[in-house]
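Summary of the model geometry
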Amino acid sequence: MTDSKYFTTTKKGEIFELKAELNSDKKEKKKEAVKKVIASMTVGKDVSALFPDVVNCMQTDNLELKKLVYLYLMNYAKSQPDMAIMAVNTFVKDCEDPNPLIRALAVRTMGCIRVDKITEYLCEPLRKCLKDEDPYVRKTAAVCVAKLHDINAQLVEDQGFLDTLKDLISDSNPMVVANAVAALSEIAESHPSSNLLDLNPQSINKLLTALNECTEWGQIFILDCLANYMPKDDREAQSICERVTPRLSHANSAVVLSAVKVLMKFMEMLSKDLDYYGTLLKKLAPPLVTLLSAEPELQYVALRNINLIVQKRPEILKHEMKVFFVKYNDPIYVKLEKLDIMIRLASQANIAQVLAELKEYATEVDVDFVRKAVRAIGRCAIKVEQSAERCVSTLLDLIQTKVNYVVQEAIVVIKDIFRKYPNKYESVIATLCENLDSLDEPEARAAMIWIVGEYAERIDNADELLESFLEGFHDESTQVQLQLLTAIVKLFLKKPTETQELVQQVLSLATQDSDNPDLRDRGYIYWRLLSTDPVAAKEVVLAEKPLISEETDLIEPTLLDELICYIGTLASVYHKPPSAFVEGGRGVVHKSLPPRTASSESAESPETAPTGAPPGEQPDVIPAQGDLLGDLLNLDLGPPVSGPPLATSSVQMGAVDLLGGGLDSLIGGTNFVAPPTAAVPANLGAPIGSGLSDLFDLTSGVGTLSGSYVAPKAVWLPAMKAKGLEISGTFTRQVGSISMDLQLTNKALQVMTDFAIQFNRNSFGLAPAAPLQVHAPLSPNQTVEISLPLSTVGSVMKMEPLNNLQVAVKNNIDVFYFSTLYPLHILFVEDGKMDRQMFLATWKDIPNENEAQFQIRDCPLNAEAASSKLQSSNIFTVAKRNVEGQDMLYQSLKLTNGIWVLAELRIQPGNPSCTAWPSRHCPSWVLLAVLVGGGLWRGFGGGNFRLPVFGCCMSPSLLVPVVQDLELSLKCRAPEVSQHVYQAYETILKN
């Protein structure tokens, strides 16, 4: 009989019986009892009362019994920590057992027992096992180090286990190497700042050697580690690719995807002119195709990864269209993914084949799939211009089928085709109007209304058609109501004499009878435009519309590059970076593809360039307004980890020795040189003490927290425009977190409650990271200050100007709208410092036409002070040199969306860095400052100063800083950012 008998018992009150059996002298009986205990534990019964009796069974030579006891210990040690210590001696003893299986079992179990009291006893046995002669024990001990590090990281570092792990990378056994790499990678993920995996060409060579001999999971660990390595040049990248390529033929799909990830990453460094580059593209296609012959779940994972690969390098699978044709027995999730990839691979060469297939899909029985297929036909028309006529013809054929949901989807996509090719296919409008009565879905009704409004002059009965929609105006969805309002206004502007009553009716419905703020606002705007300036109304409402993009659903380029680095992981399935779904962000490292080397700068070939774009054209880093990127970066909107609270008044003036010459070091002898200190944020508050500290900036860098410059609060929403609610605010960045510091003042006569805030889509995805918390009702004449944490994971849309932020604030009275400009330096991230080689390569790589020149006038800082002040706002100096008497600072910064900006700042040397201020022009506050004490006299130096008598001036002139002009050159792949970066420079340096 098998061990299943232990799980079938329903006997109660057996703890006492088991206790007796565990203490039996007979080994077989004892073993049976332990099996019963494990079975009870497995089905959820509490057998923790037997802990001491089970522990007594550890003293045995029977390997099976020892495994069972260890299993019990791992489960109950946490609830019985004091009892678990009883087992320590046996663990230590087992770690020296002649049998390597028992040694490995003991060290593995000790690592799984997450009890602090035991960890200190684990160190010695673990140290011995890490250097054990048997590779099985060593590989087990390597994983145990990672587990111990998770329990007590400091202990692992103090005991030197990390160094031992690094030594194991050079081990002769490939499985030990793989486990050492896995353990170090695990530890490195929880401590991103530590450079544990210090990879170099020698260690990479050892990993590649081990790659051929270890198990499939060991190969995955090593390949993932290789993907984090940055080759020094394209030759090394090619060498690694050649040795990784054989893994593409592995039977395990995880190994294949890990190998694809390494190759996709290192291909960035290879020149497209190389023969090897073309060979590698051909080698990548077959393994990806093979993945699609697996079971549906694996197919789906493979398809999600292929979707990313096709967006990055469509040339890999451009000849493999047929493998993505849908099979009758594919699950719906596989069908939809295949359909998406088919559209991405569609080109002029294969469009006939694709359209025939899509038309076939549109007659399927699965409604969701049919809808997607019809939309796919429309997307093909927009993507491949030569096929547009054939696509429209296919859509008309589908409309003739009179299948309701097919007709509605066809009308939605025809609207997009009209937008893409205006004045080309309007002959089909009559056919569309015939199906007006069958439309019952909001999107289809809105699309049809748009078509009627847009081409009202070509439709004889346009007013009758729109009036038919107007009859049930209040029952329509918001989408349809908004479209109907706009369409009737368009109709009125084209046929004013015939539709005056109709437009008055819809404006009345939208403004007086509707509760929807969007509809009401649009109605008022149209009403005022029409009543004040019909010509302006015509220019606004009937303005020429921008052509829609052929690929509105492409992943944003910087995000795509990051996702390529996560091929074969959950991130590649979700199409979101790990920070979007890993709770708390622990262990999340932002990755990016290596920069192209000088030898790989050749332009994209026509067939690899995205359809519709000229060869070699760089994609826009910030999507254009109207590109509906949707929720690409839908991060968890939990509040960011807050830094330590900022003390507003704890810094005392005692930190500076006013009378003991302490200012000598700040003022710097005879020449006044601004100290290279970080700018003190405005919101830190002034230190207690004399107001003179502000004049001379005595506290700069002394006892205060450094951070980026914070502008004073400005009134964003005056009370007269918000029914008594006045909103002032500013933006701050502290310890990597962005905040909107708001001041809400109630100038109305009623209490305000139920506050909420929402941002419109904006250029950098700024969004509230937490609700607007106003903890108590806001009484009349009361003011409350709130710091609202912000994230950069909202929807993205290019604004004009780029740093424009449109905000809606709601309370119990109404919803109020305002817009403000945020300073770009709040988006400068803390890891924006490039190394010199990368800086040089990137500077050369960015086209010269992307370079912008600016001048910063009247700056009082020398090179050191400017560099320090800029660094406090995350603008980092990469290198400095002096050329023909000018100080040149080479600087880098990175925005939250991954855009790098490189800068060259030219500064005239500040020598002398002061100028004379005649005593007769000396302001009174300077004279008052002189009375503070002799330390100031010595600080200025240079003359025989005497203490002034009341009303007297100093005999020598006072010295003040010289102002000078700075020249700033900026290079960036998104040149529209440069102007705003320049403004950030000017703001930081002058405040």
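**A look at the overall build of the protein**
If you tally the helices and strands in the protein, you get 39 helices and 15 strands. Taking contacts inside the protein between residues at least 6 apart in sequence as the whole, the part at least 24 apart equals 70%. About 46,100 Å² of surface is accessible on the protein, with carbon and sulfur atoms providing 51% of the total.

**As for the nonpolar core**
Among soluble globular proteins, nonpolar side chains are generally buried collectively. In this structure, Tyr72, Leu126 and Phe418 are the most contacted members of the largest nonpolar core, which totals 213 residues. In this view, leucine 126 contacts Val107, Ala141, Cys144, Val145, Leu148 and Phe161; residues no more than four positions away in its chain are not counted. Of all hydrophobic cores here, the second largest spans 65 residues; its members include Ile826, Cys859, Leu895 and Ala984.

**Some thoughts on the packing of aromatic side chains**
According to the stated counting rule, one finds 12 aromatic pairs in the structure shown. Where tryptophan 450 meets tyrosine 455, the ring centres are 6.4 Å apart and the plane angle is 85°; that geometry is what we call edge-to-face. Side by side, tryptophan 450 and tyrosine 455 carry an identical accessibility label, which is buried. Seen in terms of ring centroids, phenylalanine 854 and tyrosine 982 are 4.5 Å apart; in terms of plane orientation they differ by 5°. Their pairing is stacked.

**Regarding the packing of helix α26 (residues 462–470) against helix α28 (residues 500–511)**
The geometry of α26 relative to α28 is characterised by a closest axis approach of 11 Å and an angle of 25° between their N-to-C directions. Between α26 and α28, the angle falls in the class roughly parallel. Once α26 is placed against α28, the crossing between them reads as left-handed. In contact with Asp463, Glu467 and Leu470 of α26, α28 contributes Leu502, Gln505, Val506 and Leu509. Along the lines of polarity and charge, the residues of the contact of α26 with α28 split into 4 nonpolar, 1 polar and 2 charged.

**Overview of the pattern of salt bridges**
One side chain can pair with another of opposite charge once the charged atoms of both are near each other. Tallied over the entire structure, the rule returns 32 salt bridges. Of the charged contacts in the structure, one is a salt bridge between glutamate 785 and lysine 713, with a shortest N-O distance of 3.8 Å. Placement of the pair is glutamate 785 in strand β6 (residues 783–791) and lysine 713 in the loop between α34 (692–696) and β1 (714–717), with a sequence separation of 72 residues. What makes glutamate 785 exposed here is its relative accessible area of 54%. Since its relative accessible area comes to 38%, lysine 713 is described here as partly exposed. The salt bridge partner of aspartate 831 is lysine 894, with a shortest N-O separation of 3.4 Å. Residue aspartate 831 is located in the loop between β8 (815–821) and α35 (836–845), and its partner lysine 894 is located in strand β11 (residues 886–894); the two are separated by 63 residues in the primary sequence.

**Here's the deal with the environment of glycine 278**
Examined against the element boundaries, glycine 278 turns out to sit in helix α17 (residues 275–290). Owing to a relative accessible area of 28%, glycine 278 belongs among the partly exposed residues under this scheme. With 37 residues separating them along the chain, glycine 278 and glutamate 315 place their C-alpha atoms 9.9 Å apart.

**Re the pairing of strand β4 (residues 756–759)**
On β4, burial follows the alternation: Ile757 and Phe759 on one face are buried, whereas Ala756 and Gln758 on the facing-out side are not. Bridge analysis of β4 against strand β7 (residues 804–810) gives 4 bridges, and the strand direction is antiparallel. Following the sheet pairing, isoleucine 757 is matched in β7 by valine 809.

**Looking at the sheet that holds β7**
The strand order β4-β7-β8 describes an open sheet built from 3 strands, whose pairing is antiparallel. At either margin of the open sheet sits one strand with a lone partner, and together these are β4 and β8. On average, adjacent strands in this sheet sit at an angle of 25° to one another, irrespective of strand direction.

**Some words on the sheet that holds strand β15 (residues 964–972)**
What the 5 strands build is an open sheet, ordered β9-β15-β12-β11-β10; its pairing is antiparallel. Looking at the sheet topology across the chains shown, the edges are occupied by β9 (851–859) and β10 (876–883). Taking the axes of each pair of neighbouring strands and ignoring which way they run, one obtains an average angle of 20° across the sheet. The pairing of β10 with β11 spans 7 bridges and is classified as antiparallel. From the neighbouring strand, asparagine 882 faces β11, where its bridge partner is aspartate 887. The strands touched by helix α36 (residues 863–871) within the sheet are β10, β11 and β12 (900–907), with β11 carrying the most contacts at an inclination of about 5°. Running at roughly 20° to β9, helix α39 (residues 978–990) makes contact with β9, β11, β12 and β15 of the sheet.

**Thoughts on unusual backbone geometry**
The omega angle of the peptide bond from glutamate 800 to proline 801 is 0°, so this bond is cis rather than trans. With respect to the element layout, proline 801 can be found in the loop between β6 and β7. Backbone geometry places histidine 575, a non-glycine residue, at a positive phi of 60°. Here histidine 575 shows up in the loop between α32 (570–574) and α33 (664–667). Using a relative accessible area of 11% as the deciding quantity, one classes histidine 575 as buried. The backbone phi angle of asparagine 874 is positive, close to 70°, even though this residue is not glycine. Looking at the element boundaries, asparagine 874 is found in the loop between α36 and β10. Taking the relative accessible area as the measure of exposure, asparagine 874 reaches 9% and is therefore buried.

**Structural notes on helix α22 (residues 388–399)**
Given a rise of 1.5 Å per residue, 12 residues ought to cover 16 Å, and the 16 Å separating the end C-alpha atoms of α22 matches this to within 8%. For α22, every residue scored as buried is listed here: Ala388, Cys391, Val392, Thr394, Leu395, Leu396, Leu398 and Ile399. Close packing links the buried residues of α22 with α20 (351–361), α21 (367–383), α23 (404–420) and α24 (429–434).

**Describing the confidence of the model for the protein**
Predicted coordinates in regions of low pLDDT should not be interpreted in detail. Confidence along the protein averages 77 in pLDDT terms, with 80% of residues attaining 70 or more. Mean pLDDT across the elements of the protein ranges from a minimum in α33, with 30, to a maximum in helix α18 (residues 296–312), with 93. Residue range residues 598–706 is modelled with pLDDT below 50. Its contacts to residues more than four positions away, or to other chains, number 196 contacts. Within the model, the stretch residues 911–961 combines pLDDT values under 50 with 78 contacts to residues more than four positions away or in other chains.

Reading the values: rules and limits
Residues numbered from 1 in each chain as written. Predicted model: local features only at pLDDT ≥ 70, side-chain atom pairs only at ≥ 80, totals over all residues. Heavy atoms only, no water. Helix = DSSP H or I, 4+ residues; strand = E, 2+ residues; numbered from the N terminus. Contact = heavy atoms within 4.5 Å. Areas by Shrake-Rupley, 256 points an atom, 1.4 Å probe, with all protein chains shown as cover. Core = buried A, V, L, I, M, F, W, Y, C linked by side-chain atoms within 4.5 Å. Buried < 20%, exposed > 50% of the residue type's maximum accessible area, 1.4 Å probe, protein only. Phe/Tyr/Trp six-rings, centres within 6.5 Å; stacked < 30°, edge-to-face > 60°. Axes fitted to C-alpha atoms, helices over the stretch in contact; angles between N-to-C directions. Parallel < 35°, antiparallel > 145°, perpendicular 65-115°, else oblique. Left-handed = near helix turned anticlockwise from the far one by under 90°. Nonpolar A, V, L, I, M, F, W, Y, C, P; charged D, E, K, R; others polar. Salt bridge = Lys/Arg side-chain N within 4 Å of Asp/Glu carboxyl O. Pairing = 2+ DSSP bridges. Expected span 1.5 Å × (residues − 1). pLDDT = per-residue confidence, 0-100.

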